[in-house]
Every structure is written in structure tokens, then in C-alpha cells.
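# Structural features, examined
Given next are the chains, with one letter for each unit.
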Amino acid sequence: MKTLYDVQQLLKKFDIYVYVGKRLWDIEVMALELDHLHDAQLITHKEFIQAKLILNREHRVEEKKGK
């Protein structure tokens, strides 16, 4: 898992599709969904950490674009 697309594909396995309309908000909602999947032990800890790191990176990129 290396890109935001990969995180979207992981969520898609659980029929979770996120589209809020603003990329920054999409990333934040994906992070919440990942938290729920991890809490329910539906994804491995490794998958969770990789996905969260990707989302954090993408979130920083979007914040920089906004400034």
C-alpha cells in the first residue's frame, strides 16, 4: 500500500466508498473509517498503520495546497 488510491481500494473491500466533495474532507472521513475497521479487528495492525501514514501524508499535502 503506497497511495491514497490503495487506501480507497482497502476500504472498498468493506463496501466503504468515501466522497464528501472536498479531498481534504475525504481523507479525514477515510481516517475515521480506518479507525472503525481497526477497532473491529477487520484489518491487520500493519494495514492500519500503513494506511494512516498515507492519509497523514496526503492530508499535509492538501493543507499546503490550501495555504
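Residues numbered from 1 in each chain as written. Predicted model: local features only at pLDDT ≥ 70, side-chain atom pairs only at ≥ 80, totals over all residues. Heavy atoms only, no water.

Attention shifts here to the overall build of the protein chain. Of the regular secondary structure elements, the protein chain holds three helices and zero strands. Relative to the compact-globule value of 11 Å for 67 residues, the protein chain shows a C-alpha radius of gyration of 11 Å, a close match. Across its three principal directions, the C-alpha atoms of the protein chain cover 35 × 20 × 20 Å. Evaluated residue by residue, the protein chain yields a buried proportion of 31% over its 67 residues. (Helix = DSSP H or I, 4+ residues; strand = E, 2+ residues; numbered from the N terminus. Rg over C-alpha atoms; globule rule 2.2 N^0.38 Å. Buried < 20%, exposed > 50% of the residue type's maximum accessible area, 1.4 Å probe, protein only.)

Turning our attention to the packing of helix α2 (residues 23–39) against helix α3 (residues 45–66). Axis separation between α2 and α3 bottoms out at 10 Å; the angle between their running directions is 165°. Classified by the angle between their axes, α2 and α3 sit roughly antiparallel to one another. The hand of the α2/α3 crossing is left-handed. Taking contact as the criterion, the partners of Arg-23, Leu-24, Ile-27, Glu-28, Met-30, Ala-31, Leu-34, Asp-35 and His-38 in α2 are, on α3, His-45, Phe-48, Ala-51, Lys-52, Leu-55, Glu-58, His-59, Glu-62 and Glu-63. Classifying every residue of the contact of α2 with α3 gives eight nonpolar, three polar and seven charged. (Axes fitted to C-alpha atoms, helices over the stretch in contact; angles between N-to-C directions. Parallel < 35°, antiparallel > 145°, perpendicular 65-115°, else oblique. Left-handed = near helix turned anticlockwise from the far one by under 90°. Contact = heavy atoms within 4.5 Å. Nonpolar A, V, L, I, M, F, W, Y, C, P; charged D, E, K, R; others polar.)

So, on to the packing of helix α1 (residues 4–12) against α3. Between α1 and α3, the shortest axis-to-axis distance is 9 Å and the interhelical angle comes to 135°. With respect to each other, α1 and α3 are oriented oblique. The hand of the α1/α3 crossing is left-handed. Between α1 and α3, the residues in contact are Leu-4, Val-7 and Leu-10 and Glu-47, Ala-51, Ile-54, Leu-55 and Glu-58, respectively. When grouped by side-chain class, the residues that make up the contact of α1 with α3 number six nonpolar, no polar and two charged.

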